[in-house]
Amino acid sequence: MFMDKATVLLVEDETKLLETLSDFLEINHYNVIQATDGLDGIQKFHAHRSEIDIVLLDVMLPFTDGYEVLKQIRLCSNVPVILLTAKEEVEDQIKGFSYGADDYIIKPYSLSIIKLHIEAVLKRFGHGEDFLYAGDVKIEVKAKKIYVKDVFVETTPKEFELLHLLIRNQGTVLTRDYILDTIWGDYYVGDVRTIDTIVKQLRKKLGGASYIRTVYGVGYCFEVEGNEKKN
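Owing to the predicted nature of the structure, the values given are computational and were not obtained by experimental measurement. (Residues numbered from 1 in each chain as written. Predicted model: local features only at pLDDT ≥ 70, side-chain atom pairs only at ≥ 80, totals over all residues. Heavy atoms only, no water.)

*Asks:* Got a minute to help me understand the sheet that holds strand S1 (residues 7-11) in this structure?
*Replies:* Across the sheet, five strands lie side by side as S2-S1-S3-S4-S5; this open sheet has parallel pairing. Every interior strand has two partners, whereas the edge strands, strand S2 (31-35) and strand S5 (103-106), have only one. Sheet twist, expressed as the average angle between the axes of neighbouring strands with direction ignored, equals 20°. Against the sheet, helix H1 (residues 15-27) makes contact with S1, S2, strand S3 (54-58) and strand S4 (81-85), and its axis sits at roughly 165° relative to S2, the strand it touches most. (Pairing = 2+ DSSP bridges. Helix = DSSP H or I, 4+ residues; strand = E, 2+ residues; numbered from the N terminus. Axes fitted to C-alpha atoms, helices over the stretch in contact; angles between N-to-C directions. Contact = heavy atoms within 4.5 Å.)

*Asks:* Sorry if this is basic, but what is going on with helix H3 (residues 66-74) here?
*Replies:* For an α-helix the count is 3.6 residues per turn, leaving residues at separations of three or four pointing the same way. Within H3, the full set of buried residues consists of Gly-66, Tyr-67, Val-69, Leu-70 and Ile-73. Down the axis of H3, the buried side of the element spans an arc of 160°, and every buried residue falls inside it. Buried residues in H3 make contact with helix H2 (38-48), S3, S4, helix H4 (90-98) and S5. Of the residues that open H3, the one with a side-chain oxygen 3.2 Å from the backbone nitrogen of Tyr-67 is Asp-65. (Buried < 20%, exposed > 50% of the residue type's maximum accessible area, 1.4 Å probe, protein only. Arc of directions from axis to C-beta. Polar contact = N/O pair within 3.5 Å; in protein donor to acceptor, adjacent residues only side chain to side chain.)

*Asks:* Could you clarify how one ought to interpret the sheet that holds strand S11 (residues 212-215) in this entry?
*Replies:* Backbone hydrogen bonds are what pair the strands of a sheet, in a parallel or an antiparallel way. The strand order S10-S12-S11 describes an open sheet built from three strands, whose pairing is antiparallel. Strands with a single pairing partner mark the edges of an open sheet, and in this sheet they are strand S10 (174-175) and S11. Inspection of the sheet shows S10 paired to strand S12 (residues 219-222) by two bridges, in the antiparallel sense. Residue pairing in the sheet places Leu-174 in a bridge with Tyr-220 of S12. Contacting S10, S11 and S12, helix H6 (residues 157-168) crosses the sheet at an angle of about 65° to S12.

*Asks:* What is the right way to look at the nonpolar core in this model?
*Replies:* It is characteristic of soluble globular proteins that their nonpolar side chains tend to be buried jointly. Core analysis: the largest hydrophobic core is formed by 31 residues, its most contacted members being Leu-162, Leu-163, Ile-179 and Phe-222. Mapped by element, the contributors of at least two residues to this core are strand S6 (131-134), strand S7 (137-140), strand S8 (145-148), H6, helix H7 (176-184), helix H8 (193-206) and S12. Setting aside residues up to four positions removed in sequence, Leu-162 forms contacts with Ile-179, Ile-183, Ile-195, Ile-198, Val-199 and Leu-202. Formed by 21 residues, the second largest nonpolar core is a distinct cluster that contains Ile-33, Ile-42, Cys-76 and Leu-83. (Core = buried A, V, L, I, M, F, W, Y, C linked by side-chain atoms within 4.5 Å.)

Structure, rendered in structure tokens:
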């Protein structure tokens, strides 16, 4: 059981299965956002992407299949995705993983198996952990504190949120628009240059442990290896 209540986007077109899974997940202390087809899944993801911790995604869906939904998610997010499918062929599994799936569950399955897979994937992504580590940087998640080589670094709330977001998505390029929507919300009327300013402040405070790489014209990526001197 995780200390923080995780939010699951469940994309499933079979009504009975959708309700059964939703009830089971809610009983086990998960928040559930339901989607009943591929297009609904894409829309619900974009509407709630700052809340969603993991996606349970059926492959065989009306309007657009699960592979296309996964491709659309991967254009803007590194959120963990578990595919649910009746297809057992190795080629189908390879296809899912090539599109960026993090796990694959073949139907029929027991509810307890779903729960174990979700917990394992969330653990792998650091959900519910008290600390996150990246190079010389340590984040105390609940206390919202940052340390460099165990020395406390004072940050503003937005500086903390940005660094936390980057570290949770290590190795993934996050666009400025995605960062803006995730941290400030869809209705923020400011400028994306706000992000550049906060990155500049973070780099100064982190010193040699600033592993934030600028991807020109796109956004930022947190990479420890090979980025120690690229500030």
